[in-house]
Amino acid sequence: MADRKTAETSIIKGKNYRISILTDRLIRLEYSKKNVFVDEETAAVTNRNFPEVKFDVLDSEDRLVIVTDYLRIIYDKKEFSGEGLRINVSGNYGTTSSVWHYGDKNESLKGTTRTLDNIDGETELSEGIVSRKMWSVVDDSNSMLITKDGFKLREDRESIDLYFFGYGMDFLTAIRDFYTLSGALPLLPRFTLGNWWSRYYKYTQKSYLELMERFKREEIPFSVAVIDMDWHITDVEERFGTGWTGYTWNKELFPSPEEFLEELHKGGYRVLLNVHPADGIRAYEDCYDELAKFMGVDTKKEEPVLFDIADEKFREGYFKYVHHPLEKQGVDYWWIDWQQGKNSGHKGLDPLWLLNYFHYKDSAKRESGRGLILSRYAGVGSHKYPIGFSGDTIITWESLDFQPYFTATASNIGYAWWSHDIGGHMNGIRDDEMFVRWVQFGVFSPIMRLHSTCNEFSGKEPWKYNSIAENIVKRYLRLRHRFIPYLYTMNRRAHVDKLPLILPLYYYEPVNDKVYEYKNEYYFGNDLIVCPVTLKLDEKSGLSKTKIWLPEGNWFDIFTGVKYSGNRELEIYRDLEDIAVFAREGSILPLATDTYTNDIKAPSELDLHIFTGKAGEFTLAEDEKEFTDFIESDWAYTRYENCEVKISDTNDKNLSYLFKIHPQEGNALAAPQKRKYNLYFHGIGSYTKLDITRDKESLNPQDIRYDEDMATLRIDLPEINSNSGIEIRIDAATATDGIQSRIFNILNNAQIEYDLKTKVMEAVRKYDSTNSGKVIGEIYSVCENEYVRGAIIELLSAK
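A.B. asks: What is the right way to read helix H3 (residues 257–266) from this model?
C.D. replies: Think of an α-helix as 3.6 residues a turn; residues three or four steps apart then line up on the same face. Taken residue by residue, H3 has Pro257, Phe260, Leu261 and Leu264 as its buried positions. For H3, the angular spread of buried residues about the axis comes to 95°, placing them on one side. Relative to its buried face, H3 has exposed residues pointing more than 90 degrees away, namely Glu259 and Lys266. Residues of H3 that are buried sit in contact with helix H2 (205–217), strand S16 (224–227), strand S17 (270–275) and helix H5 (312–329). In the stretch just after H3, Gly268 is the one whose phi turns positive, near 95°.

A.B. asks: Where do I start with the pattern of salt bridges in this structure?
C.D. replies: A side chain of one charge can pair with a side chain of the opposite charge when the charged atoms of the two come close. Inspection of the entire model under this criterion finds 55 salt bridges. Measuring nitrogen to oxygen at the nearest pair gives 3.8 Å for the salt bridge that ties Lys152 to Glu40. Within this pair, whereas Lys152 is found in strand S13 (residues 150–152), its partner Glu40 is found in the loop between strand S4 (26–31) and strand S5 (41–42), the two being separated by 112 residues in sequence. A salt bridge links Glu127 to Lys110; the shortest N-O distance between them is 2.7 Å. Here Glu127 is found in the loop between strand S10 (96–101) and strand S11 (136–139), whereas its partner Lys110 is found in the loop between S10 and S11, with 17 residues between them in sequence. Salt bridges linked by common partners bring Arg18, Arg28, Glu30, Asp39, Asp140, Arg154 and Asp161 together as one network.

A.B. asks: Can you walk me through the sheet that holds strand S14 (residues 160–165) in this structure?
C.D. replies: Strand pairing in a sheet takes place through backbone hydrogen bonds and is either antiparallel or parallel in direction. Reading across the sheet, the five strands line up as S2-S3-S4-S14-S11 and stay open at both edges, with antiparallel pairing between neighbours. The sheet is open, and its two edges are formed by strand S2 (11–14) and S11, each paired on a single side. Within this sheet the neighbouring strands show an average axis-to-axis angle of 15°, counted without direction. Of the strand pairs in this sheet, S11 and S14 are connected by four bridges, and their pairing is antiparallel. Within S14, the residue paired with Val138 across the bridge is Tyr163. Across the sheet, helix H1 (residues 171–182) touches S4 and S14, and the angle it forms with S14 is around 145°.

A.B. asks: When you look at the sheet that holds strand S23 (residues 502–504) in this model, what are you seeing that I'm missing?
C.D. replies: The strand order across the open sheet built from six strands is S23-S24-S25-S30-S27-S28, with neighbouring strands paired in antiparallel fashion. Sheet topology places S23 and strand S28 (563–565) at the edges, where each strand pairs with a single neighbour. On average, adjacent strands in this sheet sit at an angle of 35° to one another, irrespective of strand direction. Both strand S27 (residues 554–557) and strand S30 (residues 580–584) contribute to a ladder of three bridges, which runs antiparallel. When the sheet's bridge partners are listed, Phe556 is paired in S30 with Ala583.

How each quantity is defined
- Throughout, residues of each chain are indexed from 1 in the direction in which the sequence is written.
- The predicted origin of the model limits local features to residues at a pLDDT of at least 70 and limits the giving and counting of side-chain atom pairs to 80 or more, whereas totals for whole chains, interfaces and linings rest on all residues.
- Think of the side-chain values as coming from all heavy atoms in the structure, minus any hydrogens and water.
- Each residue is assigned to one of three classes by its accessible area relative to the maximum for its type, calculated with a 1.4 Å probe on protein chains only: buried under 20%, partly exposed between the two thresholds, exposed over 50%.
- Helix and strand labels come from DSSP, where a helix needs a run of H or I of at least four residues and a strand needs a run of E of at least two; each type is numbered from the N terminus.
- By definition, the arc is the one covered by directions from the helix axis to the C-beta atoms.
- We call two residues in contact whenever any of their non-hydrogen atoms come within 4.5 Å of each other.
- Just to be clear on terms, a salt bridge is a Lys or Arg side-chain nitrogen sitting within 4 Å of an Asp or Glu carboxyl oxygen.
- The pairing criterion is simple: DSSP has to find at least two bridges between the two strands.
- Interaxial angles span 0 to 180 degrees and are taken between N-to-C directions of axes, which are lines fitted to C-alpha atoms, for helices over the stretch in contact.

Just geometry here; none of it tells us what the structure is for.
What follows is the structure, encoded as structure tokens:
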């Protein structure tokens, strides 16, 4: 074995092969009979300049051995084969080790897929870059090359170009290195993180604006208005083909497009229009004459300008004469609803990829802000051109049940910003309960976009459902809008720290076999875990059951305030009002206050939900202007610190607690100069003493309230200067859990015998730590309904 060295180039090259040591766990393997290798960017890979890696090399006439701290690569220097090329992944996780042979089937934890069009329930997913087998392979052999002159195909079409991810069970490092290789997640514009209204429906200018006004009256906030294909002319003469493709406003429906778009902007909406570009530009379009002349098409014969996104001249005219004039009228961005498969007329070039790439790049050049499209997934590297449109799903419980897993799993290939048709797109049946559950999931998904097909009965307006569903949906849509400060900070985290908003549980507990069973449960940013409800309620109890895993530590249900001990499996029961969203003990959740407006600016008033019990912090990130690129000097940061609770007496009945708001750092113009805070301290009892250090007078008594049911102390702070810090010291009693009152409500709502309710409640009132097993046994013996029984036991055993 040769002495250990640092390779000058980290590349070992021989006849017909090239091996690049990108990291000690990421290896590029190339083979070309023509001895032609690719140094250009590809559709999937944008960067191969990693820091130099230390590795050992043993190079003999017929054998090459490369050893890093984690991998051993053994290669016979011939055409790649299972016998001649293998990589051993070291057993740095206990005694586990693994070996890959060229040609072995990739058995990863999956990635994502192009579309959910017409899917009812599950569908097959492509491979990702993390695997319990400790390795995964990304095949980049057929992807397009990106050069300074545009896209081109590889010179050697039979060459092999593989990226071997040998990260063992270190999934977090794997996904971060994937982003370094493939390209960072772009920053989304802030408005994308609110609610989107979308519907395939023949609106008029008047009816659409009236609908937006109705949303305002109903106090339902939206930040994005999407107009599906009926904005343009769809009834065309037969000689022109179908009306799916179109770029000319239907003036019968929208007589004054500029005024229409201006009114939407005044209402606080950004506007996306839907386009199906496959049929090109035909003679009846407003833009036809200019584009046809530019392309040299005979206008007298009304020859169509055929769509060819791979052609540079067409692209120039397509944006200059077709899209840019509409953008000058006020269109902000485009929903690229491609319908022509993978055939671009150029072998190996995927028209969807090209559409996404060029539309995103074009939108990023405009003054309106960061690049943005809404379009389907087009393969590895598509995360660089957000946002993803997952397609036209069937309205069934099976489709809903698949989407949480589908969304979280997409992070395994770096695809972080899926947007679903929340509520489902088409077919199926009306089910108000299912709609509520879909919206609840949508609020805790990357993009919250309501949508439905062209059916007069299928609109997703909340008031079209029963009053219970209507009120719950309204509450959740408002909650999504309140989450924007948190989500925007996670947006920055995704871009800078290379961590998607949503991650499966196994990223943080990769060696725990249990977590792989909970496919619909996921992390939602820093310290939240979400468990959507995707099964119908039990009629008698009014509850739905979900089996979950809670990681180690203590966790608060953010809706009920109940505190749960972790490192265990449990069954949770929820009524229609809520799903389970857990906050880690010590975490801090910043939410905008309930203003019920479409305003998405950095708020001048915040609710801070502080989950006590351990030290923790949250740094709120805000920027002055939504620039295309991340510029550190444009951002402001405010750190909130949850200092550890200390027991202040020997009986564990009293505690002392410290919370800090630190002075704002960074760009003073990026956040409000003054801000009001409403602080919610979860998990502490009523206070006995409260001290506050600040630049103003003491708090008024009415600014301090205690909610016994939620075990929450609320303190409303007067407005404070952002550049000054504040400390709050609290002496308080330990919190009571309020469990009995919650169990009473479960029994009260259950459609079961009154006498049975009484018996169960009598047993519950006897419960304490000394007789838990006996009481739970008694509840089992008298309560036959598994949902009522399970919900009670869930609460009794929460801690």
